Amino acid sequence: DNEFDPTNLTSTTKMGVSPSNTTLLVRVRRDDREVTNAAIGTITIATDPIFTFPDETVLIASKRQNVVSSIEVFNPEQILGDLEIPDSEEIIIRAKSRFASQNRAVTMQDYKSMVYSMPAKFGGIKRCRVDVDKDSFKRNINLYVTTEDLEGNLTNCNQTQKHNLKHWISHYRMMADSFDILDAGIVNIGINYQLITDSSYNSSEAITICNREIAEYFRIHPEVGEALYLNDIYKLLGNLEFVIDVTDVEVVNMYGDNYSTVAFEIRENLSMDGRTLTLPFDHIYELKFPNTDIQGTVL
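Heads up: these notes are all about the structure in this document.

Scoring rules and cut-offs
- Residues numbered from 1 in each chain as written.
- Predicted model: local features only at pLDDT ≥ 70, side-chain atom pairs only at ≥ 80, totals over all residues.
- Heavy atoms only, no water.
- Helix = DSSP H or I, 4+ residues; strand = E, 2+ residues; numbered from the N terminus.
- Rg over C-alpha atoms; globule rule 2.2 N^0.38 Å.
- Buried < 20%, exposed > 50% of the residue type's maximum accessible area, 1.4 Å probe, protein only.
- Lys, Arg positive; Asp, Glu negative; His and termini not counted.
- Charge placed at Lys NZ, Arg CZ, Asp CG, Glu CD.
- Core = buried A, V, L, I, M, F, W, Y, C linked by side-chain atoms within 4.5 Å.
- Contact = heavy atoms within 4.5 Å.
- Arc of directions from axis to C-beta.
- Salt bridge = Lys/Arg side-chain N within 4 Å of Asp/Glu carboxyl O.
- Patch = residues over 30% accessible without salt bridge, like charges linked within 9 Å, V, L, I, M, F, W, Y side chains within 5 Å.
- Areas by Shrake-Rupley, 256 points an atom, 1.4 Å probe, with all protein chains shown as cover.

**Some words on the overall build of the chain**
- Across its full length, the chain carries eight helices and 10 strands.
- Against the 2.2 N^0.38 benchmark of 19 Å for 299 residues, the chain shows a C-alpha radius of gyration of 25 Å, more extended than a compact globule.
- With respect to the three principal axes, the spread of C-alpha positions in the chain is 85 × 55 × 40 Å.
- Classification of the 299 residues of the chain by burial places 35% in the buried group.
- For the chain, the distance from the average site of its 28 positive side-chain charges to the average site of its 44 negative ones is 9 Å.

**Thoughts on the nonpolar core**
- Of all hydrophobic cores here, the largest spans 29 residues; its most connected members are Ile189, Ile191, Tyr193, Phe218 and Leu237.
- Within the residue set of this core, elements represented by two or more residues are strand S5 (185–197), helix H6 (203–217), helix H7 (230–238) and strand S7 (243–253).
- Ignoring any residue separated from it by four or fewer positions in sequence, one finds phenylalanine 218 in contact with Ile189, Ile191, Leu228, Ile233, Tyr285 and Leu287.
- In terms of nonpolar packing, the next biggest core, distinct from the first, is built from 19 residues, Ile125, Val145, Tyr172 and Phe179 among them.

**Comments concerning H7**
- If you check which residues of H7 are buried, you get Leu230, Ile233, Tyr234 and Leu237. Down the axis of H7, the sector holding all buried residues measures 100 degrees, keeping them to one side.
- Check the buried side of H7 and you find it contacts S5, H6, strand S6 (228–229) and S7.

**A short note on the pattern of salt bridges**
- Going through the model one piece at a time under the given rule, you end up with six salt bridges.
- Here glutamate 223 ties to lysine 112 by a salt bridge, and the two come within 3.3 Å at their closest N and O atoms. Here lysine 112 lies in helix H4 (residues 108–116) and glutamate 223 lies in the loop between H6 and S6, a separation of 111 residues in the sequence.
- Given a relative accessible area of 17%, lysine 112 falls into the buried group.
- Note that arginine 129 is salt-bridged to aspartate 131, the shortest N-O span being 2.5 Å.
- Taking the relative accessible area as the measure of exposure, aspartate 131 reaches 17% and is therefore buried.

**Observations regarding a nonpolar patch on the surface**
- Where nonpolar side chains cluster on the molecular surface, the patch consists of Leu24, Val26 and Val28 and spans about 360 Å² of accessible area.
- With respect to the helices and strands, leucine 24 occurs in the loop between helix H1 (8–11) and helix H2 (61–69).
- Accessibility expressed as a relative area gives 63% for leucine 24, which makes it exposed.

**A few points about unusual backbone geometry**
- Within the chain, aspartate 257 stands out as a residue other than glycine whose phi angle is a positive 55 degrees.
- Locating aspartate 257 in the fold gives a position in the loop between S7 and strand S8 (276–277).

Given below as structure tokens:
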């Protein structure tokens, strides 16, 4: 807990007496993988299990070994909660919610800050939105959350993460507050664009550069409920030196198979000028596969 200075334990006895003249043995196990998320059924081997027997001297060695070698493991659901190390842009997003926090959940911003500050050992939340449930008699608070999978794409939190988040928030919420933890709807999108380039520039190379720029734009996930402004993509492509004009940028919904199951009506949620895609407050958009979901055409 960063709010508590552990040196207070040695400067006063009001919080208990720290051990002295004592040898403390601390055993720590850690995972050496960069990302510890795992798909269903991919964890099947216990590489270094720890067994403890009351008195090994009275045991038959062969039977003991049979017990050790009989251990089996299997993960029936995804192992989630490990997030990529945040870069500067990700830190900016999280810092905004932390700026006015007071180590307790009073305002909507406080709740959001508490969600993002949950220790990594309990699982990480990638994006969160906090709203008051207007249909609730007691004005219940709804937390819409999402996390990352093994590939760094958005996915729903599993029950373990939600359970841990519930207990974490309970330590900081006001006594009269009640809240529900819900999945944010994930809208997978694709981008199709058309542009006119300098005739002296190779078309395939131009498409490769444009695709890379668009992929970088979508690398940082938006906030839950944040709108997609197509003007940003027009401007992004238009600023490239070999682009003469961007004639069209289209958003398409990708769902089913390896995508989210959310079918989203793009046309019904576009502004009149076709430049702003508005999402429901409890949904978040994602360009999941940049290599295939960005399609460009040079006219």
